[in-house]
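# Notes for the structure review
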Amino acid sequence: MYVLGISGLDRSEARLRREYPGLERRQYRLAQGADSAAALVTPDGVVAAAAEERFVRDKGTGRFPRQAVDYVLAEAGIKPQDVAFVAHNFDFAPYRPFFETEGTLDEYEEVYSPETVLRDLHAEHTWDPAMRVVPVAHHLAHAASAFYCSGYAEADVLVADGIGEFESTSLYRADAEGIRTTAQIRGLHSAGLAYGLVTMHLGFWMNMDEYKVMGLAPYGDPAPLREAVAEIVRLREDGTYSTPFTYLNQTPLERATYSRSLAYLAELLGPARPPGEPMEQRHLDLAAALQEATEQAVLRFLSVDRPRAESLCLAGGVALNCVVNKAIRASGLYRRQFVQPAAGDDGTALGAALAVLHRADPRLPEVPAPVRRTPRLGPPYLGPSYGPGEVAAALNGIDATVTRPDPGALAAEVARLLADGRVVALFQGRMEYGPRALGNRSILADPSTVEMRDRINAMVKHREDFRPLAPAVLEEFTQDCFVVDDPAEFLWMVETVDVRPEWTDRLGGVTHVDGSARIQVVRRADNELYWRIIDGFRELTGTPVVLNTSFNVRGEPVVCSPSDAVRTFLSSDVDALVLGGHLVVRKTGDAAQVIARLWAEILGIDPPAPDSRFFAVGGDSITSVRFVALARAEGLALTLRDVLADDRLDVLAECARQRPAAS
């Protein structure tokens, strides 16, 4: 028996654009039902899952997941007619009277009704007439995605996000009998929604950039804005909280854009930061105060005196806040915890399918086949893989050096490149499900220096310089480098942990300003090539850790196909690419061209003339060190002494030409 899960509200953003043309692009992201995806499950486990954004190359899209559906069916080798149930990640039918009362029944019929989902399904595929479409309550779908992938026999499940149908924070008890609500905060009182609106106030995109605010928080001091933020998220004595400012919006346009809520934030906190403008200390302090308030709200909700299981599962957008997850673990409220790696709405495609498969709620239809417990989810390599033909087509005509070493030699050569300061993209096997790249669609680098982090943010990913990068560590050495009890609970890069003091300097590129890191533990049984690369790097450097970030550039989804990988490789400053067993190394340009490009990137200037002097065009002692490090990473054997002796571009280029390549 096959159960297909889908997420997304295909017409939600389109309706918002039609009703309110001329809004900012990021305002259209406020439409509910983004992050569409598809997942396929059977009584034996999860077959496949993927987000639609990866195929259509539109980050966070909520359009009907046609290509994701096609993929998961193809992965199983079945046709649409073989599917018994299609589970959708929302159930708005109980709220139809609310839309009638509000005079927005047309919106319900166009966007939210089960009939709309049914029409979309039949517009794209032909199904068995007996196939049933099952709406699953949004928070129940989140809860099922976490509990049924955790491997726990019994657990509490915390779901916290912006808003489901009409709830923002839910606590469940889950076991073999199903998933039952034990506590809930309903309506627009939402810590997740508050976090998103402050994210927008800070100049970012709501429902997309909240992790940036989390990354900013350690740079700020919560004290100056603690009282103001306490007005945004108001803690109650009973362990719940309220966010009254989310109820200020009265007209349809205000409700669609939260304009009155955002105006309130500007009155309370000062003017909003326009997108792209410099960060001020007050912005950092606001991020710190917001993060602190969110942690307090979640912990107080969990700490209420009620029967408690030994294990906790987490899902929903707030569960992607790695710092909140660390605070929950440190609280000691639970012995174990599992965070669904696809904790956002893309993960509810999997959760809706699992909820139907396991009949998580008695209101769901009975399932004809007996269902065993779904196995614990390891690294979620549930997306598509690609064969030699697709790899060869992507590499055809590429202006780079392409070789195909055996697997052992490939791992050793990638480790050597990393040890030499090169940046390498790793594309192999099945794509990860969820936002984290875990070694199959990753960019790898030496984790030892802040300069490497800055290089990747500025010249590889083309993004903000404050963004932290993550370490991937060999399972065997995890406890040597990081403060963790059980490495097996940190496979997914969804929690931060403390870096051991003796390793903070050696892991400067992946240690955040507060001494923490968002780790991925790499087990050999999960990913052989990835493990061997890191182990080879350890043998060369003594460090059992590499820097790992997702293989994409700013504004784009993580790469999916070989053609995506090659295009992104060529448009970034990644030095080498592993693609389907091939090693692709960028050809080194003429020394003068490389130096001119580096100066332009580092100093923010137009390409300099051959007789330009580094210190005359804006260079200084700090940027000269960075230039030399990057030049050596490009293979130019320059030293800081060379720059201090004669900083003319043509002289430095000639100096580099006369020496063997840097290693």
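Everything below is about the structure shown above.
Scope of this entry: the structure provided in the associated data block. Sequence order as written defines the numbering, with residues in each chain counted from 1. The model is predicted, so local features are restricted to residues of pLDDT at least 70 and side-chain atom pairs to those at 80 or more, both for listing and for counting; the totals for chains, interfaces and linings are taken over all residues. Remark: hydrogens and water are excluded; side-chain values derive from all non-hydrogen atoms of the structure.

By convention in these notes, a salt bridge is any Lys or Arg side-chain nitrogen within 4 Å of a carboxyl oxygen on Asp or Glu. Evaluated as defined, the whole model comprises 48 salt bridges. The salt bridge partner of Asp 209 is Lys 212, with a shortest N-O separation of 3.6 Å. Between buried and exposed lies partly exposed: a residue is buried under 20% and exposed over 50% of the maximum accessible area for its type, with that area taken using a 1.4 Å probe on protein chains only. For Lys 212, a relative accessible area of 7% puts it in the buried group. The residue Glu 231 makes a salt bridge to Arg 234 at a minimum N-O spacing of 3.0 Å. Using a relative accessible area of 35% as the deciding quantity, one classes Glu 231 as partly exposed. Exposure remark for Arg 234: the relative accessible area of 34% places this residue in the partly exposed category. The network of salt bridges with common partners includes Arg 15, Arg 18, Glu 19, Asp 106 and Glu 110.

Time to look at the packing of helix α9 (residues 191-201) against helix α14 (residues 281-303). Interhelical geometry of α9 versus α14 gives an angle of 175° and a closest axis separation of 11 Å. Taken together, the axes of α9 and α14 are roughly antiparallel relative to one another. Here Tyr 195, Val 198 and His 201 of α9 lie close against α14, whose contacting residues are Leu 286, Leu 290, Gln 291 and Thr 294. Basically, the charged four are Asp, Glu, Lys and Arg, the nonpolar ten are Ala, Val, Leu, Ile, Met, Phe, Trp, Tyr, Cys and Pro, and anything else, Gly included, counts as polar. Grouping the constituent residues of the contact of α9 with α14 by class yields four nonpolar, three polar and no charged. Axis geometry follows a simple rule: fit a line to the C-alpha atoms, using only the stretch in contact for helices, then measure angles between N-to-C directions, giving values from 0 to 180 degrees. Secondary structure elements follow DSSP: runs of H or I of four or more residues count as helices, runs of E of two or more count as strands, with numbering from the N terminus. Oblique is the label for every angle not falling under 35 degrees (roughly parallel), over 145 degrees (roughly antiparallel), or within 65 to 115 degrees (roughly perpendicular). Note on contacts: a residue pair qualifies if any of its non-hydrogen atoms lie within 4.5 Å across the two residues.

Take the nonpolar core next. Nine residue types can take part in a nonpolar core, namely buried Ala, Val, Leu, Ile, Met, Phe, Trp, Tyr and Cys, and a core is a set of them joined through side-chain atoms within 4.5 Å. In this structure, Val 136 and Phe 482 are the most contacted members of the largest nonpolar core, which totals 137 residues. Here the element with the most residues in this core is α14; it accounts for 10 residues. Those residues within four positions of Val 136 in sequence are excluded, and the remaining contacts are Ala 87, His 88, Asn 89, Phe 90, Asp 91, Ala 141, Glu 165, Ala 352, Ala 355, Val 356 and Leu 364.

It is worth spelling out the sheet that holds strand β14 (residues 424-427) at this point. Strands qualify as paired when DSSP identifies two bridges or more between them. If you trace the eight strands from one edge of the open sheet to the other, you get β13-β22-β21-β14-β15-β20-β16-β19, paired in mixed fashion. Strand pairing shows two members of the sheet lacking a second neighbour, β13 (400-403) and β19 (520-522), which therefore form its edges. Within the sheet, the average angular offset between the axes of one strand and its neighbour, ignoring direction, is 25°. Both β14 and strand β21 (residues 576-579) contribute to a ladder of four bridges, which runs parallel. Paired with Phe 427 across the strands is Leu 579, a residue of β21. Sheet contacts for helix α17 (residues 388-395): β13, β21 and β22 (582-586); angle to β22, the most-contacted strand, approximately 15°. Strands in contact with helix α21 (residues 528-541) are β14, β15 (441-445), β16 (470-474), β19, β20 (545-550) and β21; relative to β16, the strand with the most contacts, it is inclined by about 90°.

Most of strand β1 (residues 2-7) is tucked away: five of the six residues are buried. Inspection of the sheet shows β1 paired to strand β4 (residues 83-88) by five bridges, in the parallel sense. Bridging from a neighbouring strand, Ile 6 pairs with His 88 of β4. With five bridges connecting them, β1 and strand β2 (residues 37-42) associate as antiparallel partners. The partner of Leu 4 across the bridge, within β2, is Leu 40.

Next up on the list: helix α26 (residues 649-657). All of the buried residues in α26 are Leu 649, Leu 652, Ala 653, Cys 655 and Ala 656. For α26, the arc enclosing every buried residue in end-on projection is 160°, short of the 170-degree limit, so these residues lie on one face. Where α26 is buried, its residues meet α23 (591-603), α24 (621-633) and α25 (640-645). The arc in question is the one traced by the directions running from the helix axis out to the C-beta atoms.

Aromatic ring pairs are reported here in terms of the distance separating the ring centres and the angle at which the planes meet. When two rings of Phe, Tyr or Trp (its six-membered ring) have centres within 6.5 Å they constitute a pair, described as stacked for plane angles under 30 degrees, edge-to-face for angles over 60, and tilted for the intermediate range. Inspection of every chain in the model, using the stated rule, returns 17 aromatic pairs. A centroid spacing of 6.1 Å and a plane angle of 35° characterise the contact between Phe 55 and Tyr 71, whose relative ring orientation is tilted. Residue Phe 55 is found in helix α3 (residues 52-56), and its partner Tyr 71 is found in helix α4 (residues 66-76); the two are separated by 16 residues along the sequence. A relative accessible area of 18% places Phe 55 in the buried class. Given a relative accessible area of 9%, Tyr 71 falls into the buried group. In this structure an aromatic cluster arises from ring pairing among Phe 90, Phe 92, Tyr 95, Phe 98, Phe 99, Tyr 108, Tyr 112 and Phe 166. In this scheme, the term charge over a ring applies when either NZ of a lysine or CZ of an arginine sits within 6 Å of the ring centre and within 35 degrees of the ring normal. The aromatic ring of Phe 204 is capped on one face by Arg 273, whose charged end is 5.1 Å from the ring centroid. We note Arg 308 situated over the ring of Tyr 334; from NZ or CZ to the ring centre the distance is 5.8 Å.

Our focus in this paragraph is the pairing of strand β7 (residues 167-175). For β7, the tally of buried residues reaches nine of nine residues, placing the bulk of the element in the interior. Pairing between strand β6 (residues 155-160) and β7: six bridges, direction antiparallel. Pairing of Val 157 across the sheet is with Tyr 172, part of β7. As consecutive antiparallel partners, β6 and β7 are separated by six residues. One ladder, built from eight bridges, connects β7 with strand β8 (residues 178-186); its direction is antiparallel. Residue pairing across strands places Asp 175 opposite Gly 178, the latter belonging to β8. Between the antiparallel neighbours β7 and β8 lie two residues.

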